[in-house]
Amino acid sequence: MPASKERAEAIAARLSAVGLATRMEERDDCTAIEAEVPEPLSAESWREVLEAVATADRFGLLATSSNDRTLWAVVRKRSPRRAMSGDRAISDRG
């Protein structure tokens, strides 16, 4: 199993352990993980959630005016391309 797939599954497992229902979607260049975040979530659970998604390449929280909250994380399948420009490496990692 590719390392990126293992990392995405580990993130989803940690979120599930906190009690969040997760969804994973395979895309061409990444694996996306989403979870609905319930309104009452303890500070300890938030810490675990943040520690889990911090291992992703990108993550965020989408909140709506109706108090729906969706946590998302993305794990790239390949490392970012690097190009050399003079003595400096230029990366597309943002």
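The structure we're discussing is the one just above.
All figures in this text were calculated on a predicted structure; none of them were measured in a lab.

**Describing helix α1 (residues 3-18)**
Residues separated by three or four positions in an α-helix point in the same direction, a consequence of the helix having 3.6 residues per turn.
Right, on to step 1. The terminal C-alpha atoms of α1 lie 23 Å apart, and with 16 residues this matches the ideal 22 Å at 1.5 Å per residue to within 8%.
Right, on to step 2. Residues of α1 that are buried include every one of S4, A8, I11, A12 and L15, and no others. Looking down the long axis of α1, one finds its buried residues gathered within 95 degrees of arc, a one-sided arrangement. Turned more than 90 degrees from where α1 packs its buried face, A3 and A17 sit exposed.
Right, on to step 3. The inward-facing, buried residues of α1 abut β1 (22-26), β2 (30-36), α2 (43-53) and β4 (69-76).
Right, on to step 4. Among the residues trailing α1, G19 stands out with phi positive, at a value near 110 degrees.

**Quick notes on the packing of α1 against α2**
Right, on to step 1. Two numbers describe how α1 lies on α2: the axes approach to 9 Å, and their chain directions differ by 175 degrees. Here α1 lies roughly antiparallel to α2, going by the angle between them. Taken together, the residues of α2 that come into contact with α1 (itself represented by I11, R14, L15 and V18) are S45, E48, V49, E51, A52 and V53.

Calculation rules
- Residues numbered from 1 in each chain as written.
- Predicted model: local features only at pLDDT ≥ 70, side-chain atom pairs only at ≥ 80, totals over all residues.
- Heavy atoms only, no water.
- Helix = DSSP H or I, 4+ residues; strand = E, 2+ residues; numbered from the N terminus.
- Expected span 1.5 Å × (residues − 1).
- Buried < 20%, exposed > 50% of the residue type's maximum accessible area, 1.4 Å probe, protein only.
- Arc of directions from axis to C-beta.
- Contact = heavy atoms within 4.5 Å.
- Axes fitted to C-alpha atoms, helices over the stretch in contact; angles between N-to-C directions.
- Parallel < 35°, antiparallel > 145°, perpendicular 65-115°, else oblique.

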